[in-house]
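# Commentary on secondary and tertiary structure
Chain residues, written in single-letter form:
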Amino acid sequence: MLKHPKATPPKPDELAVAPRYGLDDLTIPRHELAAGELAPEVAYQIVHDELMLDGNARLNTATFVTTWMEPQADRLMAECFDKNMIDKDEYPQTAELEARCVHILSRLWHAPDAREATGCSTTGSSEAAMLGGLALKRRWQHRRAVAGEATARPNLVMGINVQVCWEKFANYWDVEMRLVPMDGDRYHLSAEEAVRLCDENTIGVVAVLGSTFDGSYEPVAQICAALDDLQARTGLDIPVHVDGASGAFIAPFLDPDLQWDFRLPRVASINTSGHKYGLVYPGVGWIVWRDAQALPEDLIFWVNYLGDNMPTFALNFSRPGAQVVAQYYNFLRLGFAGYTRVQGYARDVATRMAAQIAELGPFELVTRGDELPVFAVKLRDEVTNFTVFDVSEALRERGWQVPAYTFPKNREDLAALRIVVRRGFTHDLADMLIDDLDRHLQRLAKQSGPAHDASTASGFHH
């Protein structure tokens, strides 16, 4: 069994049930099925009580995942938990809502012909990214095979700041990762570095619209322009996949003039996370290709399932339709103006918080929250008696989960705190966090030396 490296030791095998509901001296096994049944209210109370030890999701500034939806969305999701998304014959209207969502995203991202939208829902942006990577690899293999060239050594170029799903993709599907390390104040991929690593075996370049390390956008348009120049000089035609896990639901509303999507002819596909800034609870992502030619037909399976022959391209099969329905609810409920208002509020909270934290004294901003509503801060060089890991641990005392972590290769010297502002994180909550941070700083300033570092903090691993 895979375990978190800091997981607590195994509990005793027997769990004593509290003497309520007329149950006295009852124990049940923790790690195997009990011989008999429990009343539903007893089973509920046991699980409910254990889950009280989890953190408060609304106070978790580490996660990008949505932690609040409107009651009407909650109700719709409850009505759809039992609908299997794969069964499009039995649940045709749920399938229709999925198709509408793909069309909406195709138009939002300026696909050349959104009437012929090509894409699907997934369990999250990680699965969507892997599907985008698979399409890149298969297209490259087809081109090489037609030209009579070898297809044994594909590679994919990206910045070292990419999410772990891309490492999984490269590992699972035998693709060499060509990672561009950070350098100085450059915390993500640049056009120059991307092109430098490309060759005839490059299946594509991944550009991240919203790095999870610091919330910054990678320069998609510059990367595409550099690849255009490379093609003009060498004949290499290398497509771009945009990992818009967060930014693809931010930039269309707050940065409409930013060129990053299918307006750039070299962008072949875009993935995003519906359960991040798409504003849906965990369990939905999206992948859209610029046109049908960008998705090789031999990746699509036709499955005879429960009486109908249906196309499917996914790593998963059965999954609930609830999150897809909730995504369509958001599109219907908010519209363009509503998404602009919600995302704009989040950015206002983030930029204001970043400025206030910078004014506290010990901190220096790495980013300001003016791209994704996400920002990172580090301690000034002259602060030596406590660390960002000490700050993170101190904030946990009040329930705040503010991750502290070190940056990757070439910038392992940089340790930062990162704050993600999502829907439901208000200016009022931000003020409370700032107040708590200020109080803890007064105590930390009296320390003679650091108490925690990356190895001893209970914190966050990027």
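Our subject is the structure listed above.
From a predicted model like this one, the values you see are computed outputs, not experimental measurements. Once a new chain begins, its residue numbering starts again from 1 and follows that chain's sequence as written. Only residues with pLDDT of 70 or above have their local features reported here, since the model is predicted, and side-chain atom pairs are shown and tallied only from 80 upward, although totals for entire chains, interfaces and linings are computed over all residues. The basis for every side-chain value is the complete set of heavy atoms in the structure, and neither hydrogens nor water enter the calculation.

## What about the side chain of Arg 266?
- Looking at the secondary structure, you find Arg 266 in the loop between helix H8 (251-254) and strand E8 (267-273).
- The class for Arg 266 is buried, based on a relative accessible area of 10%.
- We call two N or O atoms a polar contact when they sit within 3.5 Å, provided that within protein one can donate a hydrogen and the other can accept it, with sequence-adjacent residues counted only if both atoms are side-chain atoms. Within the local environment of Arg 266, its side chain forms a polar contact with the side chain of Asp 237, the two groups lying 2.9 Å apart.
- The contact criterion used is simple: two residues touch if any of their non-hydrogen atoms lie within 4.5 Å. Each residue touching Arg 266, except ones within four places of it in the same chain, is listed here: Cys 224, Leu 227, Asp 228, Gln 231, Asp 237, Ile 238, Pro 239 and Val 240. Under the DSSP-based scheme used, a helix requires at least four consecutive residues in state H or I and a strand at least two consecutive residues in state E, with every element numbered from the N terminus. Here the term buried applies to any residue with accessible area under 20% of the maximum for its type, exposed to any over 50%, and partly exposed to those in between, with areas from a 1.4 Å probe on protein chains only.

## Here we look at the environment of Glu 364
- Topologically, Glu 364 is positioned in strand E12 (residues 363-365).
- Its relative accessible area of 32% is what places Glu 364 among the partly exposed residues.
- Taking the C-alpha atoms as reference points, Glu 364 and Glu 37, separated by 327 residues in sequence, lie 57 Å from one another.
- Contacts of Glu 364, omitting those with residues within four sequence positions, involve Val 377, Lys 378 and Arg 380.

## Some thoughts on the pairing of strand E4 (residues 155-159)
- Of all 5 residues making up E4, 5 are buried, and the element is well covered by its neighbours.
- Where burial is concerned, the two faces of E4 agree: the one with Asn 155, Val 157 and Gly 159 and the one with Leu 156 and Met 158 are both buried.
- Pairing between E4 and strand E5 (residues 176-180): 5 bridges, direction parallel. In the sheet register, Met 158 faces E5, and the bridge partner there is Leu 179.
- For two strands to pair, DSSP has to find at least two bridges joining them. With 3 bridges connecting them, E4 and strand E6 (residues 202-208) associate as parallel partners. Each residue of the ladder has a partner; that of Leu 156, found in E6, is Gly 204.

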